[in-house]
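Each chain is listed here by its residues.
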Amino acid sequence: MSFKPETIATEDVITHTLALQVRKNELTLTRDEVAARLNTIEQVINENELLQAKTKEQVAESVDLYLDEWEKMKEFYPEIRLGILQKTLELLSPDQKKK
């Protein structure tokens, strides 16, 4: 067994070097494409988070407005109903002024 390194012909080195450079360029392009896709995905995720927060805020506002309207309706409904019943009674009862 010898410790002497194996000799490689210059032509073989050039052939291997060219193949390795082609492979390196392919991997660089692939890496750049993946980085661009990752950047796009991160932007979409950020936009989605903003939209989600905005949607939650609007839903909360909508629920608050609904609850406010519900409270007003609960507060004023008896008076409205009474007014409707009184108007119905006036329309159905015989005219008291003619007597």
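Residues numbered from 1 in each chain as written. Predicted model: local features only at pLDDT ≥ 70, side-chain atom pairs only at ≥ 80, totals over all residues. Heavy atoms only, no water.

A. Geometry of the overall build of the chain. Within the chain, the secondary structure is distributed over one helix and zero strands. Over its C-alpha trace the chain gives a radius of gyration of 41 Å, far above what one expects of a compact globule, namely 13 Å for 99 residues. When its C-alpha atoms are laid out on the principal axes, the chain stretches across 135 × 25 × 20 Å. Expressed as a percentage of the 99 residues in the chain, the buried residues total 0%. Of the accessible surface of the chain, which amounts to about 10,200 Å², a share of 61% is contributed by carbon and sulfur atoms. Computed over 14 positive and 19 negative side-chain charges, the separation of the two mean positions in the chain equals 11 Å. (Helix = DSSP H or I, 4+ residues; strand = E, 2+ residues; numbered from the N terminus. Rg over C-alpha atoms; globule rule 2.2 N^0.38 Å. Buried < 20%, exposed > 50% of the residue type's maximum accessible area, 1.4 Å probe, protein only. Areas by Shrake-Rupley, 256 points an atom, 1.4 Å probe, with all protein chains shown as cover. Lys, Arg positive; Asp, Glu negative; His and termini not counted. Charge placed at Lys NZ, Arg CZ, Asp CG, Glu CD.)

B. The pattern of salt bridges, seen in detail. A complete count under the given rule lists three salt bridges for this structure. For Lys72, the salt bridge identified is with Glu69, shortest N-O distance 3.8 Å. Within this pair, Lys72 and its partner Glu69 are both found in helix 1 (residues 10-92), separated by three residues, close to a single helical turn. Exposure remark for Glu69: the relative accessible area of 48% places this residue in the partly exposed category. (Salt bridge = Lys/Arg side-chain N within 4 Å of Asp/Glu carboxyl O.)

C. How the structure looks around a negative patch on the surface. A grouping of Glu57, Glu61, Asp64 and Asp68 is seen on the molecular surface, where their side chains present a negatively charged patch. The topology assignment puts Asp68 in helix 1. The exposure class of Asp68 is partly exposed, given its relative accessible area of 43%. (Patch = residues over 30% accessible without salt bridge, like charges linked within 9 Å, V, L, I, M, F, W, Y side chains within 5 Å.)

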